[in-house]
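A look at the structure
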Amino acid sequence: MDLYLKHAEPTAEERAAVDAELGVPTTRWAGGDRDRAEESRVSYGGRDARAQRHLLLPILHAVQKRLGWISDGSLNYVARRLTVPPAEVYGVATFYAMLSTQQRPPTVAHVCDDIACRTNGALELIDAFDTTDGEVRDGAMWVRSPCLGLCEHAPAAMFQLADVDGRPRADFATAPVTAAQVGAVLDGGWVVTEPPGSTPQTQAPRAEGLRLLRRIGVVDPDSLDDYRRHGGYTALRRALQLGPAGVLREVTDSKLMGRGGAAFPTGVKWQAVASAPAHPHYLICNADESEPGTFKDRVLMESDPFALVEAMTIAGLATGCERGYLYIRGEYPLATARLTSAIAQASARGLLGEDVMGSGMRFELELRRGAGAYICGEETALMNSIEGYRGEPRNKPPFPTVAGLFGQPTLINNVETLVNVLDVVLTNGPAYAEVGTEKSTGTKLFCLSGHVERPGVYEVPFGTTLREMLDLAGGVKDGRPLQAVLLGGAAGTFIPEEQFDTPLTFEGTREIGASLGSGVILLFDDTVDLLDVLTRMAAFFRDESCGQCVPCRVGTVRQEEALVRLASGSANGSTAADVDLLGELSLVMKDASICGLGQTAPAALQSALALGLVPGVDSGHPGVDTSRTPESSTDEKQERP
């Protein structure tokens, strides 16, 4: 039997929002009016409608954009149009933080209070507001937000703006933001601001040896012609000359490793997809960059979008993928707009489509927006999201290279990994491998933020030490004493000063029980309440756990509760008991969680405890888990073909 959400019916405007994505219903069955349809005893187009389930998230985005929220009536209408159970549509709509099934105003400000922003005035900014979190006033409200990926300009805010009276309004993010600017938007005004500027390393004088950042701040990100004047699409032309086998050979010879955190050999992954007998093959760019403190991919997408489009086209050629999906974080409105424009321009000029550069090669590229779910950075959760399901990780095997998107062989790489391919093809694999170290070739992007003198994205050859990175960025802001350095983001580890000379390579960090993760380097000076920072990270993992597996769903909650007790002085019997509990939780989450979120959720906390960074806790306490953290992250969990 059919299930309905309170038997609610959509308004004309809600129908129009859905029909704009799916087209006007051709029959009453397709439109959901089955009880009144002459053909109600026969299912016309049910299978065809279900084949469009992958459009569920874009449709929910469209409804949210039109009305500011998603009502029961619109959920029922979406369910009938797609022939999907209403309970499943509701489950997807309530999974994402940017979507709301509760009525809310058309103007919502998401104010970041995550680790980079809270060290740069976010809490003081929030205290200056004259309304509370979630309080609606005059058709507007503000809410606390996890990291928005604008860490180098913190504090940050993102404004989600629904259309008003038929007038389209574009979402935007800005940083650094003031309470007055947030208030101006909430009052119906506009913040007059330029997009966040280029990073310090790309300003004049430009650093020597830049590869991935060489066009940042130089090329016009909205102009295909300007991109080509600066060497754009030379790599694709070279790739067409090499052919798929030649490109695969160069990528393999380059020893390029995945840059999303898992450090899996890119050539091995590409070879596995290219040789998979089942067809079609799919390509996914994981641009759901949500690790707190990470913003390198955002800089590439905002300032050099055509490079990513070109790199994805080369990857599609090499692996036999005729269709690609660029899954971008929902909180990146500027990057989304520029990539949308880049894809449209490339398609219009024959650089995407049925006959790329007149080669006879076909490659279509579609952009898909996430909606505020950190877990969708995990590759199988991302595939579920694209297919129109809740973004929950899948058990592996089978691995995506065998059975991925829509059950077909699928290649997944993150933004930084793919953009590296341009230089691999332009030079050659062995030449690329000459930079860096034997096991970590090429250059790496690092995101420096927090209490650092010159925050931003820095590109250096693998093997550069952490101490050299800190010097490159000017050291601690205002020359204050350094309390701690976090490497790898919220899922990373704290590094003691005696390890600052460790080479920043996959093998170098592994030797000290750490990992590069997504390239985060966060500095905290002596003014920071580190227990407050750790509690905020624990709250982040609690909120972002998909809840599918017990170790992560329960463990992240218990971890945060223990930290709150430590901070308030009301320990569970004793401080030692809570530290013992945190150690046990760490072992269980690392050993039994399905994906990298649960496995790495306790990593930063346990490293802080081991280093004695938590007040009142002895670093030598036997309950501290000092085992090595797994080399994985939700951005790009390791895949075995």
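Nothing here was measured: the structure is a model prediction, and the numbers come from that model.

Looking at helix α14 (residues 305–319)
Here α14 spans 22 Å end to end across 15 residues, near enough to the 21 Å set by a 1.5 Å rise per residue. Of all the 15 residues making up α14, 15 are buried; the element is thus mostly covered by neighbouring parts of the structure. A positive backbone phi angle near 75 degrees is found at G320, which sits one or two residues after α14.

Notes on the packing of aromatic side chains
Considering all chains together, one arrives at 13 aromatic pairs under this definition. Summarising the aromatic geometry, the rings of Y282 and F406 are spaced 5.5 Å apart at their centres and angled 65 degrees between planes, so their arrangement reads as edge-to-face. Of this pair, Y282 sits in strand β5 (residues 281–287) while F406 sits in the loop between α16 (379–387) and β8 (410–414), and the two are 124 residues apart along the sequence. For Y282, a relative accessible area of 14% corresponds to the buried category. One aromatic cluster in this structure is built from Y227, Y233 and F306. Taking NZ or CZ as reference, R53 lies 3.8 Å from the ring centre of Y389, over its face. A cation over a ring is seen here: K444 above F446, with NZ or CZ 5.5 Å from the ring centre.

Concerning the confidence of the model for the protein chain
Confidence along the protein chain averages 91 in pLDDT terms, with 90% of residues attaining 70 or more. Confidence drops under pLDDT 50 across residues 36–44; counting only partners more than four residues distant or on other chains, this segment forms twelve contacts. Confidence drops under a pLDDT of 50 for residues 193–198, and excluding neighbours within four residues, the segment shows nine contacts in the predicted structure.

A few points about the sheet that holds strand β6 (residues 321–328)
Pairing is parallel in the open sheet, where four strands are placed in the order β7-β6-β5-β8. Strands at the two margins of the open sheet, each flanked by one partner only, are β7 (364–369) and β8. The average angle at which neighbouring strand axes cross in this sheet is 20 degrees, direction not considered. Where β5 meets β6, seven bridges bridge the pair, whose relative direction is parallel. Directly across from L283, in β6, lies its bridge partner G324.

What about the sheet that holds strand β12 (residues 493–494)?
Read from one edge to the other, the open sheet built from five strands follows the order β10-β9-β13-β11-β12, with strand pairing classed as mixed. Whereas interior strands pair on both sides, the edge strands pair on one side only; in this sheet they are β10 (456–461) and β12. In this structure, strand β9 (residues 443–450) lies alongside β10, joined through six bridges in antiparallel fashion. Looking at the pairing, K444 lines up with V460 of β10.

What about the nonpolar core?
Membership of the largest hydrophobic core comes to 150 residues, with the highest contact counts inside it found for Y96, W270, L308 and F494. For this core, the element with the most residues is α14, which contributes ten residues.

Looking at the pairing of β8
Along a regular strand, successive side chains alternate from one face of the sheet to the other. Within β8, five of the five residues are buried, which leaves the element mostly enclosed by the surrounding structure. Going residue by residue along β8, you find T410, I412 and N414 tucked away on one face and L411 and N413 tucked away on the opposite face as well. Taken together, the five bridges between β5 and β8 define a ladder with parallel strand orientation. Its bridge partner being in β8, N286 is matched across the sheet by N414.

Some words on the pattern of salt bridges
If the charged atoms of two oppositely charged side chains come close together, the side chains can form a pair. Applying the stated criterion across every chain yields a total of 36 salt bridges. Taking the shortest distance from any N to any O, the salt bridge between D226 and R229 comes out at 3.5 Å. A residue pair is termed a helical-turn pair when its members lie 3 or 4 positions apart in one helix, as D226 and R229 do in helix α10 (residues 224–229) at three residues. Take D226: its relative accessible area is 12%, and that puts it in the buried class. When its relative accessible area of 62% is taken as the criterion, R229 is described as exposed. Of the charged contacts, one joins R565 and D578 as a salt bridge, the two residues approaching to 2.6 Å between their closest N and O atoms. One end of the pair, R565, is in helix α22 (residues 550–568); the other, D578, is in helix α23 (residues 575–592), with 13 residues separating them in the sequence.

Parameters and conventions
Residues numbered from 1 in each chain as written. Predicted model: local features only at pLDDT ≥ 70, side-chain atom pairs only at ≥ 80, totals over all residues. Heavy atoms only, no water. Helix = DSSP H or I, 4+ residues; strand = E, 2+ residues; numbered from the N terminus. Expected span 1.5 Å × (residues − 1). Buried < 20%, exposed > 50% of the residue type's maximum accessible area, 1.4 Å probe, protein only. Phe/Tyr/Trp six-rings, centres within 6.5 Å; stacked < 30°, edge-to-face > 60°. Lys NZ or Arg CZ within 6 Å of the ring centre and 35° of its normal. pLDDT = per-residue confidence, 0-100. Contact = heavy atoms within 4.5 Å. Pairing = 2+ DSSP bridges. Axes fitted to C-alpha atoms, helices over the stretch in contact; angles between N-to-C directions. Core = buried A, V, L, I, M, F, W, Y, C linked by side-chain atoms within 4.5 Å. Salt bridge = Lys/Arg side-chain N within 4 Å of Asp/Glu carboxyl O.

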